[in-house]
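# Understanding the architecture of this molecule
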Amino acid sequence: MADRRRETARAAVKRYGRTYAEEAGIRLSDRPKPLYQLLVLTTLLSTRISATIAVAAARQLFAAGYDSPEAMRDASWQDRVDALGRAHYKRYDERTSTMLGHSAEFCLEHWGGDLRRLHREAGRDARLLRRLLDEFPGIGPTGADIYLREVQAVWTDLAPFVDRKVFAGAKRLDLPASAEELTGLVGPDELPRFASALVRVSIDRKAADEVRAEVTART
């Protein structure tokens with residue numbers, strides 16, 4: 001049973017183990033700019049729109065130069081709307097443009113534009129960090145989970161961070177329901193990608209079927 005679970009974890013990472021930050025072209029590190037870019041991406045992913053479009057919208061915003069809280073704040077509302085529109089981020093583009101502007105201002109006013117300060121404020125308490133992230137316009141509990149799931153790659157003191165979406169994907173693949181057992185199936189460096197893979201499995205039944213098929217073919 002244990003060997004099959006590890007094979008399943010490896011197959012999931014191989015097929016779907018790409019973080020949203022990677023897809024958005026964010027070279028995630030413990031520095032202000034990439035940490036802020038992840039916050040922007042998280043804001044976009046928190047809206048009821050496809051992850052593919054959210055990632056494309058993040059790319060458009062960054063390509064336009066809005067990759068720091070100062071640049072996002074200083075961009076006009078219409079400039080942000082236009083960047084979102086180029087990614088077909090319709091329906092929520094005007095509301096999201098407003099949220100991105102407010103979020104950038106909040107980041108600058110409360111954290112000096114450097115989310116490492118937020119990390120230090122929370123210490124090793126993921127629950128407190130989650131609450132602090134929840135204070136940003138457009139994030140909310142779901143967005144906080146997305147951010148923590150991805151940022152654990154560089155804020156390793158948070159690992160393992162496993163949220164309900166990850167557990168939902170694990171359930172579809174008959175993997176353990178405890179964070180300790182689940183994250184023990186992969187190496188520490190693979191954990192963020194494993195979590196991303198399980199999120200994809202949780203929202204796409206076809207993905208779960210493909211992972212199972214690959215495991216069956218291997219064994």
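This report concerns the structure included in the present document. Here the structure is a predicted model, which is why all the values come from computation and not from measurement. (Residues numbered from 1 in each chain as written. Predicted model: local features only at pLDDT ≥ 70, side-chain atom pairs only at ≥ 80, totals over all residues. Heavy atoms only, no water.)

### Quick look at the pattern of salt bridges
Selection rule: Definition used for salt bridges: Asp or Glu carboxyl oxygen within 4 Å of a side-chain nitrogen of Lys or Arg. Secondary structure elements follow DSSP: runs of H or I of four or more residues count as helices, runs of E of two or more count as strands, with numbering from the N terminus. Burial here depends on accessible area, computed with a 1.4 Å probe over protein chains only, as a share of the maximum for the residue type. Under 20% is buried, over 50% is exposed, and the range in between is partly exposed.
The tally for this structure, following the rule as stated, stands at 12 salt bridges. In this structure, arginine 15 engages glutamate 210 in a salt bridge whose closest nitrogen and oxygen atoms are separated by 3.6 Å. With a gap of 195 residues between them, arginine 15 in helix H1 (residues 2-16) and glutamate 210 in helix H14 (residues 205-218) connect regions that are remote in the sequence. With a relative accessible area of 23%, glutamate 210 lands in the partly exposed category.

### Side note on the packing of aromatic side chains
For clarity, the cut-off: Pairing of aromatic rings covers Phe, Tyr and the six-membered ring of Trp, with a centre-to-centre limit of 6.5 Å; geometry is then stacked below 30 degrees between planes, edge-to-face above 60, and tilted otherwise. Criterion for a charge above a ring: Lys NZ or Arg CZ within 6 Å of the ring centre, and within 35 degrees of the ring normal.
One pass over the full model with this rule turns up 2 aromatic pairs. Taking 4.9 Å as the distance between ring centres and 70 degrees as the angle between the ring planes, the aromatic pair formed by phenylalanine 106 and phenylalanine 136 counts as edge-to-face. Pair noted here: phenylalanine 106 is in helix H7 (residues 93-111) and phenylalanine 136 is in the loop between helix H9 (126-134) and helix H10 (140-151), with a separation of 30 residues, a long-range link. For the pair shown, phenylalanine 106 and phenylalanine 136 are each scored as buried. Aromatic side chains tyrosine 147 and tryptophan 155 sit 6.1 Å apart centroid to centroid with 55 degrees between the ring planes, which places their arrangement in the tilted category. Residue tryptophan 155 is classed as buried on the basis of its relative accessible area of 1%. When the ring centre of tyrosine 20 is taken as origin, the NZ or CZ atom of arginine 200, which lies over that ring, is 4.4 Å away.

### Structural notes on the nonpolar core
Side chains of nonpolar character tend, in soluble globular proteins, to be buried together. To be explicit about the condition: Here, nonpolar core refers to any group of buried Ala, Val, Leu, Ile, Met, Phe, Trp, Tyr and Cys residues whose side-chain atoms link them within 4.5 Å. In what follows, a contact means two residues having at least one pair of non-hydrogen atoms within 4.5 Å.
Counting residues in each nonpolar core, the largest one holds 71 residues, and the members touching the most others are Leu41, Leu44, Leu61, Phe136, Tyr147 and Leu182. For this core, the element with the highest residue contribution is helix H3 (residues 32-45), accounting for 8 residues. Apart from residues no more than four positions distant in its own chain, leucine 182 is found in contact with Val162, Val166, Phe167, Ala170, Leu175, Pro176, Phe194 and Leu198.

### Considerations on the packing of helix H13 (residues 191-203) against H14
Applicable threshold: Axis angles are defined between N-to-C directions and span 0 to 180 degrees, where every axis is a line fitted to C-alpha atoms and, for a helix, only to the segment in contact. Throughout, the term roughly parallel applies to angles under 35 degrees, roughly antiparallel to angles over 145, roughly perpendicular to angles from 65 to 115, and oblique to all others. Each residue gets one label: Ala, Val, Leu, Ile, Met, Phe, Trp, Tyr, Cys and Pro are nonpolar, Asp, Glu, Lys and Arg are charged, and the others, such as Gly, are polar.
Put simply, H13 and H14 touch, their axes get as near as 5 Å, and they point 120 degrees apart. Classified by the angle their axes make, H13 and H14 are oblique. Within the contact between the two elements, H13 uses Arg200, Val201 and Ile203 and H14 uses Arg205, Ala207, Ala208 and Val211. A class-by-class count of the residues in the contact of H13 with H14 yields 5 nonpolar, no polar and 2 charged.

### Some points on H7
In plain terms, the rule: To estimate how far a helix should reach, multiply one less than its number of residues by 1.5 Å.
Taking 1.5 Å as the rise per residue, H7 with 19 residues should run 27 Å; its terminal C-alpha atoms sit 26 Å apart, in good agreement. Turning to H7, the residues buried within the fold contact H3, helix H4 (51-63), helix H5 (69-74), helix H6 (77-86), helix H8 (115-122) and H9. Two residues or fewer past H7, glycine 112 is found with a positive phi of approximately 60 degrees.

### Side note on H6
Among the residues of H6, Arg80, Val81, Ala83, Leu84 and Gly85 are the ones counted as buried. On the buried face of H6, the contacting elements are H3, H4, H5 and H7. Histidine 88 lies just past H6 and shows a positive phi near 65 degrees.

The values reported here are purely geometric and, on their own, carry no functional implication.
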